[in-house]
Amino acid sequence: MSEQEILNLLKNNKFIKAKELIENLLKSERENLTYKFYYGLILANDRRYKEAIPFFERVLLSDRNHYDSNFNMAGCYQGLLIFDKAIESYKNCSKIDVNKFEPYHQIGVCYRQLREYEDSIIYLNKALEISLNAKSLYVLGNVYRENGQLEEARKSFEKSISVNKEFTQSKLSIANLEIDNGNYDQASKLLDEIIKSNNNDQILISAKIMIGNILKSKGEFEKAIKINQDILEKDPKNIDASYNISQCYLFTKEYDKAWIFHESRYDLQNLVLLKQINDSFEKPKWDLGRPKKNVLFYGEQGIGEQIIYSQFFETIKDQFVNSTIAVTEKLIPFFKKIYPDTKIINYKSIFEYVEYDYHLPMGSMGLYFQKNINQNNLQKKISYSLDSKIPSKIKKFRCGISWKSTNKIFGNKKSIELESLKNILSNENIEFINLQYSDETKEINQIEKNLNKKIFTEHQIDCFNDIDGVASLIKSCDFVVTVSNSNAHISGKLGVKTFLLLPFNDGKLWYWGLNNDKDIVWYPSILPIRQESSNNWNSCLEKLYKEFENYL
């Protein structure tokens, strides 16, 4: 009777009463595994994951094939962002019952959060082989989108809707694909239809978040801020709205507001690993009330972001004693040369590192040090010892060229064709260095054939893996021509004269500023060459040629 009573309470979401009942029952039946399982379930439902896990483990000590304990323990590990253990427990579930799709689905979700997209696709497809369901198709579509496979993403979302016509999340995701492709009118039309036909608060909020994204992508920042503020009035804990406001304020340089809202990023779906790192520290986070010594500054997001956030460190490094910087492995040699008196470590090993008292993610440095960022503070020439493999200069000028961004979702909006630079590439007084980190051999061969000349000076640097080598190549140049990619950050950090080609709005990142900005405060050596209207590279290139001629 007690077990049935517990089940009835749980089915009716009366968790507090169920918890009280189980606690009383466990006083007399301390080893009752059924009660322990239900107690773990209640704790997990309350997101007290660490407390819940031992109860599931106790059941599994007696019966390692207890499916529900394996599954719920996996969910706890997933909630704690301990994905390896979550995957292990979900795999146990898939062995216990081969006919259930949910373990495979959740493994796919875990791999997505780890950005291991190929594995995620494999397990989501396994889930779909067992049960064709809208939810797995929806997650699969988002994995494809994040991996840059936009057509595959669309097919998955459409199939999800065909399986369940009411699955609105996939309809929202199709609108998101239209935003990715710059089809704002079509996206707005889809979102209006969803808003009119739906009364689910969460769906309505998601649709309005996307309308805000459209406004942000079009450069209408005040309108985007307003719609996200309206969302926060109804849903104060909405992470997407808070983060989107931060991005708008960063564009408009209202930094006092921007960096406060930027702290919401920890709970973003695509920055789950940052939250995992932040939640795992045992030592305290640095703030203005702490001494400026023994601080571990650690990078977040991609190579470009880690470099630009290091500009904060550039302005305050003399104020801090015994600082350590943790960055992605590729950046270690680069940072060691720039900061020879600072310890540089791999951010994957920060939990094995103990020589610090406080920690601070680089993306939070703006909260405390934005006032330090100005042209004067960052205009220093940085010395950089060159890699021995760098070829000797043979012409009057050396120019580094980088024309593609490999960002999975909006890289195409930031990229140009090499052919469009033919007026520059024809100059006989300039030798050109290929800085492109993607393989563009076919495009290079074609323009060399068209111009009937060898364009690039040969070098032995692996531009994808060897950041130190790329930095050496860039430092050996008199100037660089590039689109918005990691090379722009390396060149700007080194203080090399850089002509940066930028899209009008869509695809542009906040640190490159607004369309009327004449310089880039973060990198004084970079001259922004901006489109005059959306997708209008011709106007951008005309301005580039004029600036180029004036410089020469």
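Here the structure is a predicted model, which means the values were calculated and not measured.

What follows deals with the pattern of salt bridges. Applying the stated rule across the entire model yields 24 salt bridges. Arg398 serves as the salt-bridge partner of Glu431, at 3.3 Å between the closest nitrogen and oxygen. Residue Glu431 is located in strand β6 (residues 430-434), and its partner Arg398 is located in strand β5 (residues 397-402); the two are separated by 33 residues in the primary sequence. Each of the two residues, Glu431 as well as Arg398, counts as buried. Among the salt bridges present, the one from Lys404 reaches Glu417, with a minimum N-O distance of 3.6 Å. Residue Lys404 is found in the loop between β5 and α22 (411-414), and its partner Glu417 is found in the loop between α22 and α23 (422-425); the two are separated by 13 residues along the sequence. Overall, the relative accessible area of 14% leaves Lys404 in the buried class. Among the ionic contacts, a cluster of salt bridges with common partners joins Glu263, Arg265, Lys285 and Glu300.

Time to look at the packing of helix α14 (residues 221-234) against helix α15 (residues 239-251). Helix-helix packing: each pair is described by the crossing angle between the helix axes and the interaxial distance. The interhelical angle for the contact between α14 and α15, taken along N-to-C directions, is 155°, at an axis separation of 9 Å. By the angle class used here, α14 and α15 are roughly antiparallel. Here α14 and α15 pass one another in a crossing that is left-handed. Together, Phe221, Ala224, Ile225, Asn228, Gln229, Ile231 and Leu232 of α14 and Ala241, Ser242, Asn244, Ile245, Cys248, Tyr249 and Phe251 of α15 make up the contact between the two elements. Along the lines of polarity and charge, the residues of the contact of α14 with α15 split into ten nonpolar, four polar and no charged.

Generally speaking, nonpolar side chains in soluble globular proteins are found buried as a group. With 75 residues, the main nonpolar core has Phe334, Leu494, Trp512 and Trp522 as its most contacted residues. Of the residues forming this core, the biggest block, seven residues, is contributed by helix α18 (residues 303-316). Leaving out residues up to four positions away in the same chain, Trp522 has contacts with Tyr255, Trp259, Ile308, Gln311, Phe312, Gln370, Ile373, Leu378, Trp510 and Tyr511. In terms of nonpolar packing, the next biggest core, distinct from the first, is built from 29 residues, Ala44, Ala52, Met73 and Phe101 among them.

Along the chain, Thr324 falls in strand β2 (residues 324-327). Here Thr324 falls in the buried class, since its relative accessible area comes to 2%. Thr324 has contacts with Val295, Leu296, Phe297, Thr342, Lys343, Ile345, Tyr353 and Glu355, leaving out every residue within four places of it along the chain.

Once that is clear, we can look at the environment of Leu418. Structurally, the position occupied by Leu418 is in the loop between α22 and α23. On the basis of relative accessibility, which here comes to 0%, the residue Leu418 falls in the buried class.

Next up on the list: helix α4 (residues 49-62). Taking 1.5 Å per residue, 14 residues should reach 20 Å; α4 reaches 21 Å between its end C-alpha atoms and fits that length. Listed as buried for α4 are Tyr49, Ala52, Ile53, Phe55, Phe56, Val59 and Leu60. Seen along its axis, α4 keeps its buried residues to an arc of 165°; they face one direction. Away from the buried face of α4 by more than 90 degrees, exposed residues Lys50 and Leu61 are located. Those residues of α4 that are buried are in contact with α3 (33-45) and α5 (67-79).

To continue, consider the sheet that holds strand β8 (residues 498-502). The sheet built from five strands is open, its strands ordered β6-β5-β7-β8-β9 with parallel pairing. Both outer strands of the open sheet, β6 and β9 (526-530), are each paired with one neighbouring strand and no more. Neighbour-to-neighbour, the strand axes of this sheet turn through a mean angle of 20°, independent of strand direction. With five bridges joining them, β8 and β9 adopt parallel strand pairing. Within the sheet, the bridge partner assigned to Phe499 lies in β9 and is Leu527. Where helix α27 (residues 537-551) meets the sheet, it contacts β6, β7 (479-483), β8 and β9, and its direction lies at approximately 170° from that of β8.

Considering the arrangement of structural elements, one finds Ala224 in helix α14. Look at Ala224 and you get buried, because its relative accessible area is 0%. Taking the C-alpha atoms as reference points, Ala224 and Asn13, 211 residues apart in sequence, are found 38 Å from one another. Every residue in contact with Ala224, bar those within four places of it in the chain, is listed here: Gly212, Leu215, Lys216 and Cys248.

Once that is clear, we can look at the packing of aromatic side chains. Scanning all chains against the criterion turns up 42 aromatic pairs. Taken together, a centroid distance of 5.9 Å and an interplanar angle of 55° make the contact between Phe499 and Phe548 tilted. Remark: Phe548 occurs in helix α27 and Phe499 occurs in strand β8; sequence separation between them is 49 residues. Like Phe499, the residue Phe548 is buried in the burial classification. Chaining the aromatic ring pairs together yields one cluster made of Trp286, Phe297, Phe313, Phe320, Phe334, Phe335, Tyr339, Tyr368, Phe369 and Tyr384. Stacked on the ring of Phe464, the Lys or Arg Lys330 has its end atom at 3.7 Å from the ring centre.

The rules behind the values
- Residues numbered from 1 in each chain as written.
- Predicted model: local features only at pLDDT ≥ 70, side-chain atom pairs only at ≥ 80, totals over all residues.
- Heavy atoms only, no water.
- Salt bridge = Lys/Arg side-chain N within 4 Å of Asp/Glu carboxyl O.
- Helix = DSSP H or I, 4+ residues; strand = E, 2+ residues; numbered from the N terminus.
- Buried < 20%, exposed > 50% of the residue type's maximum accessible area, 1.4 Å probe, protein only.
- Axes fitted to C-alpha atoms, helices over the stretch in contact; angles between N-to-C directions.
- Parallel < 35°, antiparallel > 145°, perpendicular 65-115°, else oblique.
- Left-handed = near helix turned anticlockwise from the far one by under 90°.
- Contact = heavy atoms within 4.5 Å.
- Nonpolar A, V, L, I, M, F, W, Y, C, P; charged D, E, K, R; others polar.
- Core = buried A, V, L, I, M, F, W, Y, C linked by side-chain atoms within 4.5 Å.
- Expected span 1.5 Å × (residues − 1).
- Arc of directions from axis to C-beta.
- Pairing = 2+ DSSP bridges.
- Phe/Tyr/Trp six-rings, centres within 6.5 Å; stacked < 30°, edge-to-face > 60°.
- Lys NZ or Arg CZ within 6 Å of the ring centre and 35° of its normal.

Remember, this is a structural readout, not a statement about activity or role.
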